[in-house]
Each structure stands twice: as C-alpha cells, then as structure tokens.
Amino acid sequence: MGQYVITLLFIFLTSISLAKLPSVSVHDIPGIEGASLEVRFTNPKCIVHDYEEEVFSNDGALLLAKPEGAYCAGSLDFSNSFTWEDSPRQKLIEWVKDPQTKEIFFAFQTITDGGVLGAICEEIKSRNIKVTFVLSRNRNYLEDGSKEPLIDLTKAPVIETESTQSKYDRVIRKLTSCGETPGNLQPVGILRGHTGSSEGNSIGWAHNKFFVVNPNDSAKIKFATGSGNLTSAGVATNHENWLFFDNIPQNTYLAQSVQCMRKMQIDDKAHFSKSNFIKMNEECLKNIDPSFKKAQGIESFYIPGDGKRAIDQYLIPAFSESKKITVATHLLGFPRLFVRGMTCAASKKPSSSCYKKNGSLPGFKKTIGKSEVRLITDDDIHWLMVGQYDENGKVGYNDLWEAGNAEEAERGGAKLKFVQTSHHGPFKQLHHSKLIVFEKNKTEAVWTGAGNLTMPAMYTNFENYYYITIPTVVEAYKMQLDGMWSELATAKESMPKLDVVPLKDPVVKEEPAAE
C-alpha cells in the first residue's frame, strides 16, 4: 500500500536485434589457401528513443519514437554498442590482446577510441609490442575564407598547426596513459595529408583506414579496413561496414599491396606531391613478385593513382550492367559518376548523354537502364532537403550541395531512404557506410572501402577501396542492405515533419505495486 516500483518504458535494452541484419560472417578467400575474410557491420545497439512531445510524420502518422537500432545518443546506447561481442571494436581489441601480436601499424583520418587505444597501451606496457600509427593532418579555414597553407615537406622545418598538433598529442597520451615500463618501445606517430608545394599537385586528407597486425612477420599478416575511423563512433555507434582479413601470407599480392601502402605512408618522399606518391606506389606494386598468388574475387585500389582504373574498368561497367543497385553512403558527391550512374541506371529510357563521354569519364554502356536503384543515406541529408539546417547551411557534417545530389538522384528514379541518426549536440552519430552493391548482372559485386562517394576520394585523398565478387561476401552485404532498407531506414513520407530531439535515456515512471 502506497509502495511503488520503478518501471522503464522500453524493452530489450541489451538484446536489441533487427531480424534481417546479419551477424558476423567469415569467408574463404579463393586463390589463397587458409586465408579468410570476416565481414562485420557495427549495427549499433541503440535503444528506443521516445519523443517527449507529439511528433507527426509527413504523411500524418503520430510518431512515438525514433526507429529502434537507428538513433544512438544516450549512455545505454554507448554501453550496449561498445561491449557487443560482434562489434568491430571487440574484434580489434581481440587482435590487440592476441599473444601472437608483436607489432601493430594503423592509419586513419581520426584516432580517438579509448577502448582500442587503451588495449594497445596495456600491451605496450606488458609485452613491449611495437606500435606505429599514421594520422591525418587537419586543414582548417582561416578568417578570410582561405584554407591553411599546405605542408611542403621539401622545406624544413615543418611546423604543424595547433589543431593538428593537439590531435596528434591526444593519441600519444592515450597510448601511454596506462603507464610505462622502463626500456619499452614508445609508440611512433606520423602525420600525413595536406602536403605539396602547389594545390594542383597536392595530397588531400590522409583518409586510409588500415589496422595491420605483425606487418614485419616473415610468414603472414592480418589487417582490418572499412568505412569507419578508429573512433568510438567508427567502431561501435555509427552505422559502418568493416572487413577483417586474416592469415594472409606475405608471398601474396594482397599482402604485398598492403606493404606498399605502409611503406608509402612511412616514406617522406612519397608525400612531396601527389605525382610523387603515384609514381612511387606504382613502382612498388610493379615490383611485387609476379609468381605471388592473387586473391580471386578481390581487386584492391589505392588512391591517389588508381581512381581512373577503378572507374573505367569496374564502376562504369557495373552501373551499366546491373539491374539492381543499392548505394549506402554518408557523403554523396562526384555527380558526373555516382549521381549520373544512379539516374542513368534507373531510367526507363536513358538519354544519349548517358552513353557519351563526360569530361574524363567514359560513357556508360548501352546496357544501362531499367534498373532498380536504392539510395540509403543519413537523415542529415533529409533535413537539408527540407530546409531545416543551421546558419551555415549544414546539418551534422553534411552540406546543401549533397542534398542537391540526393534530390537529383531521386528525380532520376532512385528510391531514397534515410537512417535517422543523432546530429544534435556535441556527439555526432552518422550513417557512415561507404558501399555499393551491384546485383542482377553477370557477376554481382560490392564496392567498398575507406573513401566516400566524392571526387577527392577518387583522385586526391589517401584512400583504399575493394571491388569484391566473392559470392558469399556479396550475399552478406545484400542481406545487410536489404535489412537496412526494410527495417532501419525511413522513407521521406514517414520522416518526422520537424527535426525534434528525442529523449536521450529511457523514461522512468512510477507505477503502483501490485497488492
């Protein structure tokens, strides 16, 4: 009598699962006996976030909450996603703690995740593992609207900006925060990106995503890559896609192409200019022993340098020949390639412009058209499309020009859905996937990697991409995107009319106890 119990108005806090989203899948790599490729998606464990006020969709339906599994913003989202055993974060920590791990090399645009960096720190302290990391410089805008100057590595001394130096120092602090053992190796950090003596021959962001274990082992390596940065969001709470390559012999083209990337990131001369990097990387790749085995069904691309080959030999044919195409992306740029590819593919009767050369890009093949085209992107794009953006014309990390590209794709026949993520406040959660699945053609394929669907990502940034045709891997990506499309993403008519912020944590309500 008069006693109350606390009831939480949500269910399944720690066991959220969307039925059609796949768990971890492991695949053989044809052509390399004993090697494997593990596919992981973050699929964050976001609880249901209720609205405090009445919220209606564009088609008039009353909305009670954000979609389950989409929107992460509160403490339960973080704890559930960080500790989920199938997350990329847990796989990376497993690799770090493996007694066989003696050395780690990793390269990302941003490096902040305390879980992975903390685990590395402990292994440096207890086992003296060797650690080298590559971090991208920042390049900010100045008050007059111009960008900070490029770094010219041919001139000394190199003076880093305060923003870049602070970013670097934070990584070092996290790698040494657990204390040091006298005589142990110290982590070595290298800053890359935004170098060159002229804008036209400069390198953009150091946007590679690599985590390489035992690169100097005489027998084999393993490495991870994908869409995510080495941040808590990139390994757990964003919507990301990761690849984990294991047991890759050194005497394979796949391993040696990774070694070329690592050597190029370490060698200052490769960063004097974009042309220098392209020349040195091409020479490194050409010098790989031609007798080394190649992975069948995996084609690697390293940017700058490989963009034209990727476009001409893989992306143009894939857009032309596939009768079902699903694009999942954060940034949507390069309209002459990606938007044009979607609109020409979706068209019932493609115009003659689809077949013509467009600048340096070849025309699409006569087989293009009459395809089902789906585009999944962050809801930041939706809010830009409907005019609900800040004074700078931005929502989260997205800009108005990207919304224009999405609108053009939709007008051209692509079906469009949005993943409702958290862009409110200092924590930014993203739909950060970077992939295209090409179906219903002679050879189905996945295009994925570190880079966004933008022109700099194809020509000037440091990026790594993969065109994968291994059937079981393609099937895993098809399952992921079909599940996202049907259960996680929201169509325009079902989106909220207004960008209302839901509750971060569950509602707590007092109810009378049973007598």
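Heads up: the structure comes first, above all this text.
As a starting point, this report considers the structure included with it. Worth saying up front: this structure is predicted, and the values here are computed from it rather than measured.

## Things to note about the sheet that holds strand β2 (residues 25–28)
- Spatially, the eight strands line up as an open sheet ordered β2-β3-β11-β10-β9-β6-β7-β8, and their pairing is mixed. This sheet does not close on itself; its edge strands, each paired only once, are β2 and β8 (188–192). Between one strand axis and the next, the sheet turns through 15° on average, direction left out of account.
- Where strand β10 (residues 220–226) and strand β11 (residues 241–249) come together, six bridges link them in antiparallel fashion. Pairing of Phe-223 across the sheet is with Phe-245, part of β11.
- Helix-sheet contacts for helix α2 (residues 88–97) involve β3 (36–41), β6 (103–108), β9 (210–213), β10 and β11, and the interaxial angle to β11 is about 25°.

## A short note on the packing of helix α9 (residues 335–346) against helix α11 (residues 400–411)
- Viewed as axis vectors pointing N to C, α9 and α11 meet at an angle of 30°, and their least axial separation amounts to 8 Å. Comparing the axis directions of α9 and α11 gives the class roughly parallel. At the point where α9 passes α11, the crossing takes the right-handed sense. Taken together, the residues of α11 that come into contact with α9 (itself represented by Pro-335, Val-339, Met-342 and Thr-343) are Asn-405, Glu-408 and Ala-409.

## Remarks on the packing of aromatic side chains
- Under the criterion given, the structure shown has 22 aromatic pairs.
- Pairing Phe-319 with Phe-364 gives two aromatic rings, centres 6.2 Å apart and planes at 75°, and the pair type is edge-to-face. With Phe-319 in helix α8 (residues 307–321) and Phe-364 in the loop between α9 and β14 (372–378), this pair connects stretches of sequence that are 45 residues apart.
- Ring centres of Phe-319 and Phe-438 lie 5.2 Å apart, and the angle between their planes is 85°; this geometry places the pair in the edge-to-face category. Taken together, the residues span a long stretch of sequence, with Phe-319 in helix α8 and Phe-438 in strand β18 (residues 434–439) at a distance of 119 residues. The exposure classification of Phe-319 matches that of Phe-438, with both residues buried.
- Aromatic ring contacts, followed pair by pair, group Phe-210, Phe-223, Phe-245, Tyr-302 and Tyr-466 into a single cluster.

## Let's talk about the pairing of β9
- Taking every second residue as pointing to the same face, both faces of β9 are buried, with Phe-210 and Val-212 on one and Phe-211 and Val-213 on the other.
- Pairing analysis gives four bridges linking β6 to β9, with the strands arranged antiparallel. Residue pairing for β9: Phe-105 is matched across the bridge by Val-212.
- For β9 and β10, the ladder comprises three bridges, and the chain directions are antiparallel. Residue pairing in the sheet places Val-212 in a bridge with Phe-223 of β10.
- Here β9 folds back onto β10, and the loop between the two strands holds six residues, one of which, Asn-214, carries a positive phi near 55°.

## Quick notes on the environment of Pro-44
- Its location among the elements puts Pro-44 in the loop between β3 and β4 (50–56).
- Residue Pro-44 is classed as buried on the basis of its relative accessible area of 3%.
- It is 6.7 Å that separates the C-alpha atoms of Pro-44 and Asn-238, two residues lying 194 residues apart in sequence.
- When near neighbours in sequence (up to four residues on either side) are disregarded, Pro-44 contacts Gly-69, Cys-72, Ser-81, Ala-236, Thr-237, Asn-238, His-239 and Gln-429.

## Examining the pattern of salt bridges
- What the rule picks out here adds up to 21 salt bridges.
- Here Asp-482 makes a salt bridge to Arg-374, at a shortest N to O gap of 2.7 Å. Linking Asp-482 in helix α13 (residues 471–488) with Arg-374 in strand β14, this pair joins segments that are 108 residues apart in sequence.

Each value, and the rule that gives it
- Residues numbered from 1 in each chain as written.
- Predicted model: local features only at pLDDT ≥ 70, side-chain atom pairs only at ≥ 80, totals over all residues.
- Heavy atoms only, no water.
- Pairing = 2+ DSSP bridges.
- Helix = DSSP H or I, 4+ residues; strand = E, 2+ residues; numbered from the N terminus.
- Axes fitted to C-alpha atoms, helices over the stretch in contact; angles between N-to-C directions.
- Contact = heavy atoms within 4.5 Å.
- Parallel < 35°, antiparallel > 145°, perpendicular 65-115°, else oblique.
- Left-handed = near helix turned anticlockwise from the far one by under 90°.
- Phe/Tyr/Trp six-rings, centres within 6.5 Å; stacked < 30°, edge-to-face > 60°.
- Buried < 20%, exposed > 50% of the residue type's maximum accessible area, 1.4 Å probe, protein only.
- Salt bridge = Lys/Arg side-chain N within 4 Å of Asp/Glu carboxyl O.

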